[in-house]
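# Topology and contacts: notes
Listed below are the residues making up each chain.
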Amino acid sequence: IHDYDSGSVLEWAKDEENNRYWEVFDRELKKNPKTTKIWLQLCIPRGDSLITYEQAYPVIETLREKIQNVIIYVSPLAEYSENVCEITGVEGIERAKSLAKELDSRNEDVLPGPILGPLTLAEITTREKDRCHPNEEGMQNMGEQLKEFFNEQGKENLEDDANGIKIKENKIIYSENA
């Protein structure tokens, strides 16, 4: 589950060579060669909250290079109903919201993705002390929200569509959290 779900926008935007996130992406893309759609969830740590469009844009460029005619759905991280993620803080979540809107408005192939959550404390893992990452219950709930979003987009079977998102029995088994 966690091979793919981490890394800030700036980490993904770094040079593609020797970038572990793009290595996993390439491996998954080989398994799903008919991929035409990607869901990109923006993680912006509080220290990166001044990230600019220009700093984030390399992620979009790299996706276009890897997948011809790709459609990219972009979302901020889920909000939290009872706490603040210690990694992003409020400022990181707010910047992810505005950056998602900016990426959408400036690129025809970038569309607004789902707004997931909010996550409750009961849906956050206790294994890490940052109070950010969903546990199995949180992943299941977000998976259901994600499935509902893409079903509304006219996607009946996400697993067969190979659009970069895999949901099995309403659980995310592969997702991209930038």
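Preceding this paragraph is the structure being described.
Residues numbered from 1 in each chain as written. Predicted model: local features only at pLDDT ≥ 70, side-chain atom pairs only at ≥ 80, totals over all residues. Heavy atoms only, no water.

## A look at the sheet that holds strand β2 (residues 71–76)
Taking strand neighbours across the sheet as the criterion, the three strands line up as β1-β2-β3 in an open arrangement whose pairing is parallel. Two strands lie at the open edges of the sheet, namely β1 (37–42) and β3 (110–112), each paired on one side alone. Between one strand axis and the next, the sheet turns through 30 degrees on average, direction left out of account. As judged from the three bridges shared by β2 and β3, these two strands associate in the parallel manner. The residue of β3 that forms the bridge with Ile-72 is Val-110. (Pairing = 2+ DSSP bridges. Helix = DSSP H or I, 4+ residues; strand = E, 2+ residues; numbered from the N terminus. Axes fitted to C-alpha atoms, helices over the stretch in contact; angles between N-to-C directions.)

## A closer look at the nonpolar core
One finds Phe-25, Leu-42 and Leu-103 to be the most contacted residues of the largest nonpolar core, which totals 26 residues. Of all the secondary-structure elements, those providing two or more residues to this core are α1 (9–13), α2 (20–31), β1, α3 (53–66), β2 and α4 (89–106). If you tally residues by element for this core, the top one is α3, at five residues. Grouped together as the second largest cluster of nonpolar side chains are 16 residues, Leu-77, Ala-78, Ile-124 and Cys-132 included. (Core = buried A, V, L, I, M, F, W, Y, C linked by side-chain atoms within 4.5 Å. Buried < 20%, exposed > 50% of the residue type's maximum accessible area, 1.4 Å probe, protein only.)

## Observations regarding the packing of aromatic side chains
Under the definition given, this model contains seven aromatic pairs. Residues Trp-12 and Tyr-21 carry aromatic rings whose centres are separated by 5.3 Å and whose planes lie at 25 degrees to one another, so their mutual orientation is stacked. In this pair, the class of Trp-12 matches that of Tyr-21, namely buried. Here the aromatic residues Trp-12, Tyr-21, Trp-22 and Phe-25 are joined through ring pairs into a cluster of three or more. (Phe/Tyr/Trp six-rings, centres within 6.5 Å; stacked < 30°, edge-to-face > 60°.)

## Re the state of the cysteines
Counted according to the given criterion, the structure contains one disulfide. Note that Cys-85 is cross-linked by a disulfide to Cys-132, the S-S spacing being 1.8 Å. Taking the sign of the S-S torsion, about 95 degrees here, the bridge from Cys-85 to Cys-132 comes out right-handed. Here Cys-85 is found in the loop between β2 and α4, whereas its partner Cys-132 is found in the loop between β3 and α5 (136–152), with 47 residues between them in sequence. Neither Cys-85 nor Cys-132 differs from the other in exposure class; each is buried. Not engaged in a disulfide, the cysteine Cys-43 finds its nearest cysteine sulfur in Cys-85; these two sulfurs lie 6.9 Å apart. (Disulfide = S-S within 2.5 Å.)

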